[in-house]
Amino acid sequence: MSMNQSNNQIIKKNLLIICRGAGDLATGIIHRLHRAGHRVIALETDYPAAIRRQVSFCEAVYDGSAAVEGVTARLVPALADAETDTETYSGINDTPAAHIVSEKWDSSAIEAVLEAGEVPLLIDPKGESIALLKPDVVVDAIIAKKNLGTTINMAPLVIGVGPGFTAGQDVHLVIESMRGHNLARIITDGMAQPNTGVPGNIAGFTSERVIHAPAAGYIHDVRKIGDIVQKGDEIARIYPDKESYDNALSEYVPVNATITGIIRGLIREGYYFRKGFKIADIDPRESELTNCFTISDKARSIAGSVLEAVSAFEHGVKIY
């Protein structure tokens, strides 16, 4: 099926799917759909805060592209406004403001990335490109624990991942994201389990393996993802401003490992956050180094259910 590009629309080959969010769980979904032959476009915020950065397509916002297990996501900037082309956004990061202030994208640039066998990534936290691109499927995998603006009329099939969505009201289907017996279950009526605030159990550790910022500020990473650390080791420092990095006399707040294990996730160098923000994740299984660089079992499970729902929709099988 084709669409008229003169109307700024994308040529459809198989289904066109938009995924809101490109963090580690969303990346698992995008990866699975892409590998299944679908044309997938990812939408992200201007300043993503992924912890598991090695397996998150959202890193393309900063680096221009991001590769995860053989699949590449590539940033497609919005059409620049002349007066904001060289400005930066909010003074916190280096993302060009023109990527954010413009509400339009060049469909030919998106099409070129798709034709190259890659995943276009747009900086579009409000999902404004959805009306422009007219996808067959929208998947909300922001994992915000609440609905950030996804509606059931955005596409013929709209899927919400995790709590915050109600199947049959703001989305057609909900995918359970809570670990346990019902993980990745397709919900056709109602909601996913509410967020408990307790991370999943890994080798007997839950809350202890996730590190939250002891202070507000900018992070300077002392260690890196994949490093083995002992409980109490310094893994990062929090400075009140970026200029303090190179000053040996600058005051900082240390961030120490809460358990012994492998640093599986660590927020990006220079990221600004408030006190209490999630900034790191330690896997107590020291033998599981490769897990830091591959899509998780949870992401793959959820991705499989999203693909099941998409395949049913594609073949006219009504499951809701």
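Summarised in this report is the structure supplied together with it. (Residues numbered from 1 in each chain as written. Predicted model: local features only at pLDDT ≥ 70, side-chain atom pairs only at ≥ 80, totals over all residues. Heavy atoms only, no water.)

## As for the sheet that holds strand β8 (residues 173-175)
Ordered by their spatial adjacency, 9 strands build an open sheet running β3-β4-β5-β2-β1-β6-β7-β8-β9, and the pairing between neighbours is mixed. The open sheet terminates on both sides in strands that have one partner only, identified here as β3 (65-68) and β9 (186-187). Note that strand β4 (residues 71-75) and strand β5 (residues 119-123) share 3 bridges and pair parallel. When the sheet's bridge partners are listed, A73 is paired in β5 with V119. Docked against the sheet, helix α1 (residues 24-35) engages β1 (16-20), β2 (39-44), β3, β4, β5, β6 (137-140) and β7 (157-161), running at close to 160 degrees with respect to β2. Sheet strands in contact with helix α6 (residues 297-314) are β1, β6, β7, β8 and β9, and its direction is about 165 degrees off that of β7. (Pairing = 2+ DSSP bridges. Helix = DSSP H or I, 4+ residues; strand = E, 2+ residues; numbered from the N terminus. Contact = heavy atoms within 4.5 Å. Axes fitted to C-alpha atoms, helices over the stretch in contact; angles between N-to-C directions.)

## Focus: the pattern of salt bridges
Tallied over the entire structure, the rule returns 14 salt bridges. Across the pair R39 and E111 runs a salt bridge whose closest N-O atoms are separated by 2.7 Å. Taken together, the residues span a long stretch of sequence, with R39 in strand β2 and E111 in helix α4 (residues 107-115) at a distance of 72 residues. Exposure remark for R39: the relative accessible area of 7% places this residue in the buried category. Under the relative-accessibility criterion, E111 is labelled buried at 7%. Residues R223 and D227 are paired through a salt bridge, measuring 3.2 Å at the closest nitrogen-oxygen approach. A network of salt bridges, in which partner residues are shared, links R39, E111 and E115. (Salt bridge = Lys/Arg side-chain N within 4 Å of Asp/Glu carboxyl O. Buried < 20%, exposed > 50% of the residue type's maximum accessible area, 1.4 Å probe, protein only.)

## As for the nonpolar core
Counting 44 residues, the largest nonpolar core has I29, V139, I159 and V306 as its most contacted members. Take this core: its biggest share by element is 7 residues, from α6. In this structure, I41, I110, A167 and V174 belong to the second largest nonpolar core, which totals 24 residues. (Core = buried A, V, L, I, M, F, W, Y, C linked by side-chain atoms within 4.5 Å.)

## Remarks on the sheet that holds strand β11 (residues 217-221)
An order of β14-β13-β11-β16 is seen for the 4 strands of this open sheet, with the pairing classed as antiparallel. The open sheet terminates on both sides in strands that have one partner only, identified here as β14 (253-256) and β16 (272-273). With 4 bridges joining them, strand β13 (residues 234-239) and β14 adopt antiparallel strand pairing. Directly across from R237, in β14, lies its bridge partner P254.

## Notes on the pairing of strand β15 (residues 261-266)
β15 sits mainly inside the fold: 6 of its 6 residues count as buried. Pairing analysis gives 4 bridges linking β15 to strand β17 (residues 278-283), with the strands arranged antiparallel. Within β17, the position partnered with I262 by the bridge is D283.

## With respect to the environment of G180
With respect to the helices and strands, G180 occurs in the loop between β8 and β9. A relative accessible area of 51% means that G180 is categorised as exposed. Distance from G180 to G200, taken between C-alpha atoms, is 9.1 Å for residues 20 residues apart in sequence.

## Some remarks on α4
Residues of α4 that are buried include every one of S107, I110, E111, V113 and L114, and no others. For α4, the arc enclosing every buried residue in end-on projection is 160 degrees, short of the 170-degree limit, so these residues lie on one face. On its buried face, α4 sits against β2, β4, β5 and α5 (129-133). Positive backbone phi, approximately 80 degrees, marks G117, located one or two places after α4. (Arc of directions from axis to C-beta.)

## Here's the deal with the packing of aromatic side chains
According to the stated counting rule, one finds 6 aromatic pairs in the structure shown. Seen in terms of ring centroids, Y47 and Y62 are 6.3 Å apart; in terms of plane orientation they differ by 70 degrees. Their pairing is edge-to-face. Taken together, the residues span a long stretch of sequence, with Y47 in the loop between β2 and α2 (60-63) and Y62 in helix α2 at a distance of 15 residues. Residue classification places Y47 among the buried residues on the basis of a relative accessible area of 14%. Pairing Y218 with Y272 gives two aromatic rings, centres 5.0 Å apart and planes at 55 degrees, and the pair type is tilted. Of this pair, Y218 sits in strand β11 while Y272 sits in strand β16, and the two are 54 residues apart along the sequence. Note on Y218: relative accessible area 14%, which makes it buried. (Phe/Tyr/Trp six-rings, centres within 6.5 Å; stacked < 30°, edge-to-face > 60°.)

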